Amino acid sequence: MYKAFFGLNSSPFNLSPDPSYLYRSQQHEEALASLIYGVQSRKGFIVLTGEVGTGKTTMLECLRDHLTAHHTPFAFLFNSRLTPEQFFEMIAYDFDLQCSRTSKTEVLLALNQLLIERANNNQTTVLIVDEAQNLEWAVLEEIRLLGNLENRRGKMIQIILSGQPELGGRLEEREYRQLKQRIALRCKLRPFDAVETGNYIGSRLTRAGLRDQQVFTPELVLEIHRRTQGIPRLINSVCDNLMLTSFAMERRVATMDMLEEVSKDLHLDWPGSHRPWAEPEQEAIR
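Since the structure is predicted, the reported quantities are computational estimates derived from the model, not experimental observations.

A. Representation of the packing of aromatic side chains in the model. Taken as a whole, this structure holds 8 aromatic pairs when the rule is applied. Note on Tyr 23 and Phe 192: the rings are 5.6 Å apart at their centroids and 80° apart in plane angle, and the pair reads as edge-to-face. Linking Tyr 23 in the loop between helix 1 (3-6) and helix 2 (26-40) with Phe 192 in the loop between strand 7 (183-189) and helix 9 (194-207), this pair joins segments that are 169 residues apart in sequence. The same class applies to Tyr 23 as to Phe 192, namely buried. According to the relative accessible area criterion, Phe 192 is buried, its value standing at 4%.

So this is what it looks like as structure tokens:
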């Protein structure tokens, strides 16, 4: 709605993961480089963790673009609440295996044949699992066993597990020690610091066609950082609502009053906030 008002050619703060809008902070560059290196070097298991909204799915989308450009087949499991049977069925569909997709035995035989053929041609294959912290123990065990498929040149399937910090905690538990020992690379995304938040906002606005942005003053950017705690998804949501509010009020510069209104509408909660939206409910409880 506000694109024409601000002279934008696209929406800068969409919540959907879009690799073209990737802000190449040092940590995101390092994470993406580690993912690509792990796949190319056939390291086997790679783990990517980060708090909700820190950009893990965007990293995976960038990796998918890289794999597609290099003609590397991959399976992408975006729903991790699966039974072992459903897990093998989804792998069969993603790899387009020519077998009975409801038979674990046939899926494994067909997958093994695919991996051997690709390994003989010095090629690799990738399995990406998002939201891996939700995987059942039985499915994680099946994934671990897939990691045993290797030849002299390394692992025949590269497995990337991406999830919230709880995934790292699970891997420290005793029953997962065999999987933990197989993890060759670990990447972790953290929230932005104040400088990165400002650069992130400016980067997305530049990508959308607004250079040298003046919509958000330095003081307002600092407050946005404080209230979002540097989490990219929350930054997007707040900035999108601020630009919408500015457009509705025909103001080209967002203000602190607008941020107060947006914070209330989004029910933001940050250290030291008094959460005015929660007061009526608390009053009712009393």
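B. Layout of the sheet that holds strand 6 (residues 157-163). Taken in spatial order, the 5 strands make up an open sheet running 2-3-6-1-7, and their pairing is parallel. Strands at the two margins of the open sheet, each flanked by one partner only, are strand 2 (74-77) and strand 7. Taking the axes of each pair of neighbouring strands and ignoring which way they run, one obtains an average angle of 15° across the sheet. The strands touched by helix 2 within the sheet are strand 1 (45-50), strand 3 (125-129), strand 6 and strand 7, with strand 7 carrying the most contacts at an inclination of about 160°.

C. How the structure looks around helix 5 (residues 104-120). The terminal C-alpha atoms of helix 5, which comprises 17 residues, lie 24 Å apart, in line with the 24 Å expected from a rise of 1.5 Å per residue. Turning to helix 5, its buried residues are Val 107, Ala 110, Leu 111, Leu 115, Arg 118 and Ala 119. Along helix 5, the residues classed as buried sweep out an arc of 165° about the axis, all on the same side. Away from the buried face of helix 5 by more than 90 degrees, exposed residues Thr 105, Leu 109 and Asn 120 are located. Residues of helix 5 that are buried in the fold lie against helix 4 (84-94), strand 3, helix 6 (137-146), strand 4 (150-151) and strand 6. Downstream of helix 5 by one or two residues, Asn 122 has phi in the positive range, about 60°.

D. The arrangement of the packing of helix 2 against helix 3 (residues 56-69) in detail. Running from amino to carboxyl end, helix 2 crosses helix 3 at an angle of 40°, the nearest separation of the two axes being 10 Å. Taken together, the axes of helix 2 and helix 3 are oblique relative to one another. Judged by the sense of rotation from one axis to the other, the crossing of helix 2 with helix 3 is right-handed. Here His 28, Ala 31, Leu 32, Leu 35, Ile 36, Val 39 and Gln 40 of helix 2 lie close against helix 3, whose contacting residues are Met 59, Cys 62, Leu 63, His 66 and Leu 67. Here the residues of the contact of helix 2 with helix 3 are counted per class, giving 9 nonpolar, 3 polar and no charged.

E. Structural detail: the layout of surface pockets. Of the voids in this model, the largest pocket is the one considered here, and its volume is about 400 Å³. Around the largest pocket, the lining comprises 26 residues; the ones closest to its centre are Gly 53, Thr 54, Gly 55, Thr 58 and Pro 232. Examining the composition of the lining of the largest pocket, we find that 4 residues originate from one element, helix 3, more than from any other. Class assignment for the residues of the lining of the largest pocket results in 10 nonpolar, 10 polar and 6 charged.

F. Representation of the pattern of salt bridges. This model, assessed by the stated rule, comprises 10 salt bridges. Here Glu 223 makes a salt bridge to Arg 226, at a shortest N to O gap of 2.7 Å. In this pair, Glu 223 and Arg 226 both sit in helix 10 (residues 218-228), 3 residues apart, roughly one turn of the helix. Owing to a relative accessible area of 39%, Arg 226 belongs among the partly exposed residues under this scheme. The salt bridge involving Glu 260 is made with Arg 227; its shortest N-O contact spans 2.6 Å. Here Arg 227 lies in helix 10 and Glu 260 lies in helix 12 (residues 256-265), a separation of 33 residues in the sequence. The class of Glu 260 is partly exposed, set by a relative accessible area of 39%.

Here is what the cut-offs are and how they apply
- Residues numbered from 1 in each chain as written.
- Predicted model: local features only at pLDDT ≥ 70, side-chain atom pairs only at ≥ 80, totals over all residues.
- Heavy atoms only, no water.
- Phe/Tyr/Trp six-rings, centres within 6.5 Å; stacked < 30°, edge-to-face > 60°.
- Helix = DSSP H or I, 4+ residues; strand = E, 2+ residues; numbered from the N terminus.
- Buried < 20%, exposed > 50% of the residue type's maximum accessible area, 1.4 Å probe, protein only.
- Pairing = 2+ DSSP bridges.
- Axes fitted to C-alpha atoms, helices over the stretch in contact; angles between N-to-C directions.
- Contact = heavy atoms within 4.5 Å.
- Expected span 1.5 Å × (residues − 1).
- Arc of directions from axis to C-beta.
- Parallel < 35°, antiparallel > 145°, perpendicular 65-115°, else oblique.
- Left-handed = near helix turned anticlockwise from the far one by under 90°.
- Nonpolar A, V, L, I, M, F, W, Y, C, P; charged D, E, K, R; others polar.
- 1 Å grid on protein atoms, 1.4 Å probe; cavity = no way out; pocket = protein on both sides within 12 Å on 5 of 7 lines; lining within 4 Å.
- Points joined across faces, edges and corners; volume = space filled by probe spheres on them.
- Salt bridge = Lys/Arg side-chain N within 4 Å of Asp/Glu carboxyl O.

Any functional reading would require information beyond the geometric quantities listed.
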